[in-house]
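So you can see what is in the structure, the chains are spelled out below.
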Amino acid sequence: MTIVTRDAVTPAAFGVPETESQRSTKTPAMAAVDLVEEFPRKTKEPVRALQPLADRGSREGARAMTMDAEFYSRVAERFGGYFSDARSTDVFADGRPDAVFDELVTALGAPHARLLDVGCADGRSLLRISRAYGAVIGIDLSPSMLECAERFRAESGLEHVTFEPCDAARTGLPDGYVAVVTSRRGPLIAQEFERVLRPGGAVVYMGIGEQDARELKETFGRGQNFDSWNSRPLSEEIAQELSDAGLIVTRNQTFRFEEFYHSAGDLDTFLQQVPIVDHYDPAADKEAFDRYVAAVTVDQGVRLSRHWFIVQAQKPAAVEPSPS
């Protein structure tokens, strides 16, 4: 069990180099990712083929992505990026999902491997693992988040990382362009991910489960994936999408953990920074908020039960034709 106390969060250290133990314990699947063409580590190759934002896929998907972009832009402009300055003590019974995600993605890295991160937000999580790769591209639809990401990138000095405005459904990248695709609570476009991956490459996806903050959402009568808790687990749906796209699922791991906010004000700040409860308004939602706080406050703080998952999948390696 891991216990982490979060005070007002400041930008984290960006560099997480691959450890010797990670290099020595790569599986054959991970080793396959290393077989990429040479790519200069310290150059910024512009992604000239990225799809214009106006040229999106379905109308419904465009509306959803635009709404998310607008929300995250407001968060970036108000709070200076995508991080929470709400104070809490977090108890991770199944391990800390962000740490597990970082470890998995770092282990897949190689000096000449390309990484595409979808829904990169303010880029700090991506910068933290980027040293394991030769070239890193972060894409997002929020201009304000990308401005934050570029500022943090410049401060870090990591010149092999680029941030671009781009639609995840139509990246415009060449077939087989990257070794690894990641999405940290961002979009999952399985067919596009499979297309841009080189043979033997990997997708690592971290999502929010159907039981996440269930008591909070039931109190408010709305929220992310509202009323999905009696349906098929969302991690299984994600795994099925990846499998249907031709990828081989190698990991499906669930994480349950508790966040204890130090005060009602800390929880209120947090809800303004994340889309757990859509269109959360401290004034309009005061009655539901107070009811929830009264019901879940314990000695440790105001409890919020979380449910996340990580799904990892691999693109089959290319099969060499047998000699005739």
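A. Fine view of the packing of aromatic side chains. Applying the stated rule across the entire model yields seven aromatic pairs. Residues phenylalanine 226 and tryptophan 229 carry aromatic rings whose centres are separated by 5.3 Å and whose planes lie at 80 degrees to one another, so their mutual orientation is edge-to-face. Residue classification places phenylalanine 226 among the partly exposed residues on the basis of a relative accessible area of 36%. Each ring, one from tyrosine 261 and one from phenylalanine 270, has its centre 5.2 Å from the other, and the planes form 35 degrees; the classification is tilted. On the accessibility criterion, phenylalanine 270 (6% relative accessible area) is buried. Joined through ring pairs, the aromatic side chains of Phe92, Phe257 and Trp308 make up one cluster. Sitting over the face of the ring of tyrosine 177, arginine 114 holds its NZ or CZ atom 4.1 Å from the ring centroid. Sitting above the plane of the phenylalanine 152 ring, arginine 151 keeps its charged end 5.1 Å from the centroid.

B. Quick peek at the confidence of the model for the protein. For the protein, the average pLDDT comes to 81, and 74% of its residues sit at 70 or higher. Per-residue pLDDT stays below 50 along residues 8-67; that stretch engages in 112 contacts with residues further than four places along the chain or on separate chains. Within the model, the stretch residues 75-82 combines pLDDT values under 50 with 32 contacts to residues more than four positions away or in other chains.

C. Spatial organisation of the side chain of lysine 217. Mapped onto the elements of the fold, lysine 217 is located in helix H8 (residues 214-220). Despite its burial, lysine 217 pairs with no opposite charge, the nearest such side chain being aspartate 212 at 4.4 Å. The contacts of lysine 217, once residues within four sequence positions are left out, are Asp212, Arg222, Gly223, Gln224, Phe226, Trp229 and Ile276.

D. Seen up close, helix H10 (residues 264-273). Counting buried positions over the ten residues of H10 gives seven, a clear majority of the element. Along H10, the positions that sit buried rather than exposed are Asp266, Leu267, Asp268, Phe270, Leu271, Gln272 and Gln273.

E. Here's a closer look at the nonpolar core. With 34 residues, the main nonpolar core has Val105, Leu115, Leu126, Tyr133, Phe163 and Ile310 as its most contacted residues. Ignoring anything within four residues of it in the chain, the contact list for leucine 126 reads Leu115, Asp117, Cys120, Val136, Ile137, Gly138 and Phe163. Judged by nonpolar contacts, the second largest core, of 26 residues, contains Val118, Leu173, Leu197 and Val203.

F. Geometry of the pairing of strand E7 (residues 197-208). Counting buried residues in E7 gives eleven out of twelve residues, a clear majority hidden from the surface. Bridge count between strand E6 (residues 178-184) and E7: six bridges; the pairing is parallel. From the neighbouring strand, valine 181 faces E7, where its bridge partner is valine 203. What joins E6 to E7 is helix H7 (residues 190-196), and the crossover it makes is right-handed. Both E7 and strand E10 (residues 301-314) contribute to a ladder of seven bridges, which runs antiparallel. The residue bridging alanine 202 from the neighbouring strand is glutamine 314, located in E10.

What counts and what doesn't
Residues numbered from 1 in each chain as written. Predicted model: local features only at pLDDT ≥ 70, side-chain atom pairs only at ≥ 80, totals over all residues. Heavy atoms only, no water. Phe/Tyr/Trp six-rings, centres within 6.5 Å; stacked < 30°, edge-to-face > 60°. Buried < 20%, exposed > 50% of the residue type's maximum accessible area, 1.4 Å probe, protein only. Lys NZ or Arg CZ within 6 Å of the ring centre and 35° of its normal. pLDDT = per-residue confidence, 0-100. Contact = heavy atoms within 4.5 Å. Helix = DSSP H or I, 4+ residues; strand = E, 2+ residues; numbered from the N terminus. Lys, Arg positive; Asp, Glu negative; His and termini not counted. Salt bridge = Lys/Arg side-chain N within 4 Å of Asp/Glu carboxyl O. Core = buried A, V, L, I, M, F, W, Y, C linked by side-chain atoms within 4.5 Å. Pairing = 2+ DSSP bridges. Right-handed = clockwise from strand over helix to strand, strands pointing away.

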